[in-house]
Amino acid sequence: MSVRTYTADVPSRTETVTLQVPAGATGVRVRFRYTGGNNWYWVIDGVRITQA
């Protein structure tokens with residue numbers, strides 16, 4: 001399931017994403033994928049997964 005997709009440049013900022021947890025789930029796996037031609041600068045930093 002894709003949670004967030006960008007089709008243009010996005011300025012550096014903090015983001016919060018709320019996910020729906022399937023009934024009976026006991027674990028989570030998160031994957032980040034970059035596909036593009038501009039490899040000058042991008043970063044994923046300070047990732048936290050918390051329970052609300």
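To start, this report covers the structure provided alongside it. Each chain has its residues counted from 1, running along the sequence as written. Where local features are concerned, this predicted model is filtered to residues with pLDDT of at least 70; where side-chain atom pairs are given and counted, the filter is 80 or more; whole-chain, interface and lining totals use all residues. Derived side-chain values reflect all non-hydrogen atoms in the structure, with water molecules and hydrogen atoms excluded from consideration.

**Let's talk about a nonpolar patch on the surface**
Exposure above 30% relative accessible area and no salt bridge define the residues that can form patches, which grow by joining like charges within 9 Å and nonpolar side chains of Val, Leu, Ile, Met, Phe, Trp and Tyr within 5 Å. Residue burial considers only the protein chains on display, and all accessible areas are found by Shrake-Rupley using a 1.4 Å probe. For this analysis, a salt bridge means a side-chain nitrogen from Lys or Arg found within 4 Å of a carboxyl oxygen belonging to Asp or Glu. On the surface, V28, V30, F32, Y34, W42, I44, V47 and I49 cluster together to form a nonpolar patch covering roughly 800 Å² of accessible area. Its relative accessible area of 47% is what places W42 among the partly exposed residues. Burial here depends on accessible area, computed with a 1.4 Å probe over protein chains only, as a share of the maximum for the residue type. Under 20% is buried, over 50% is exposed, and the range in between is partly exposed.

**Considerations on the pattern of salt bridges**
Under the criterion given, the structure shown has two salt bridges. Put simply, E15 and R4 hold a salt bridge, and the shortest N to O gap is 2.3 Å. Using a relative accessible area of 40% as the deciding quantity, one classes R4 as partly exposed. Residues E15 and R13 are paired through a salt bridge, measuring 3.2 Å at the closest nitrogen-oxygen approach. Exposure remark for R13: the relative accessible area of 47% places this residue in the partly exposed category. Each of R4, R13 and E15 takes part in salt bridges that share partners, so that together they form one network.

On their own, these measurements won't tell you what the molecule is for.
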